Amino acid sequence: MFHFEEGEVFLIDKPLDWTSFDVVNLVRAVIKRYHGIRKLKVGHAGTLDPLATGLLILCTGRMTKQIDNFQAQEKTYTGTMLLGQTTPTFDLESEPNAFYPTDSITAEMMEEARKKFVGDIMQRPPKFSAIKIQGKRAFDYARSDEEVALKERLIHIDDFRIDATNFPKIDFEVRCSKGTYIRSLVNDFGLALNNGACLISLRRTKIGEFSVDNARNLDDLKRELMDSGTEHKEDKIKEP
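Residues numbered from 1 in each chain as written. Predicted model: local features only at pLDDT ≥ 70, side-chain atom pairs only at ≥ 80, totals over all residues. Heavy atoms only, no water.

Caption draft 1: Region of interest: the overall build of the protein. Regarding its fold elements, the protein presents 6 helices and 14 strands. Put simply, the protein has 240 residues, and 45% of those count as buried. Taking contacts inside the protein between residues at least 6 apart in sequence as the whole, the part at least 24 apart equals 72%. For the protein, the exposed surface amounts to about 12,900 Å²; the carbon and sulfur share of it is 47%. (Helix = DSSP H or I, 4+ residues; strand = E, 2+ residues; numbered from the N terminus. Buried < 20%, exposed > 50% of the residue type's maximum accessible area, 1.4 Å probe, protein only. Contact = heavy atoms within 4.5 Å. Areas by Shrake-Rupley, 256 points an atom, 1.4 Å probe, with all protein chains shown as cover.)

Caption draft 2: View of the packing of helix α1 (residues 20-35) against helix α6 (residues 218-227). Relative to each other, α1 and α6 sit at 15°, their axes nearing to 9 Å. As judged from the angle between their axes, α1 and α6 are roughly parallel. Where α1 crosses over α6, the two elements pack in a sense that is right-handed. On α6, the residues that touch V23, L26, V27, V30, I31, Y34 and H35 of α1 are L218, L221, K222, L225 and M226. Looking at the contact of α1 with α6, its residues break down into 10 nonpolar, 1 polar and 1 charged. (Axes fitted to C-alpha atoms, helices over the stretch in contact; angles between N-to-C directions. Parallel < 35°, antiparallel > 145°, perpendicular 65-115°, else oblique. Left-handed = near helix turned anticlockwise from the far one by under 90°. Nonpolar A, V, L, I, M, F, W, Y, C, P; charged D, E, K, R; others polar.)

Caption draft 3: Quick look at the nonpolar core. Counting residues in hydrophobic clusters, the biggest one holds 25 residues, and the most contacted among them are M81, L83, F160, F172, I182 and F189. Setting aside anything within four residues of it in sequence, one finds I182 in contact with Y77, F172, V174, C176, L199 and L202. Residues F2, L26, L56 and L218 belong to the second largest nonpolar core, which totals 20 residues. (Core = buried A, V, L, I, M, F, W, Y, C linked by side-chain atoms within 4.5 Å.)

Listed below in structure tokens is the structure:
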């Protein structure tokens, strides 16, 4: 039995190509349609980019008040970056805009670069991000080729591990504070090598003590929500 208005917390393994808001909108629509709840707060704790997968915490009803607490917790990511090229978005959402030779990069150089990104560091968010500047999203300025000043901010990285077995692809794991942009971390790692790097895959595995190992597949959650309710046909469900 679900208690949506009193508050539920769902751990979801976000699929590829879905935005975090897509997931929120789907869950809200299913609850409305199959449980007849006309107004319900549904929110998520920490945005994942469409090209990222992994743990997304969804809260309903009164539990949405806990979202800030969940967001403030340490997060763990695994992923892969590609050395030797950059893109405007710092990932594969845009085409490469520069290429660099990687044959002179050594294991020692990568280790020295890695050390620079452990502890308290200043990080500048990507131009293609959802940060608001004067009421407008940064990515809207970027898409219009308008230059805006994104301020550096203090973040903390507890651990940053790299595995160059498949060089120039570099697998990594990061434990970091709220507000850390992994795309920026990857881009900055490339710069520290006097080279370039872009993110090619990313998965969030933990938020605090919550693990993706305990998360629901989105299709399974949708089916469970539908099976536990009664359809109200006036509400339509849209998927991305």
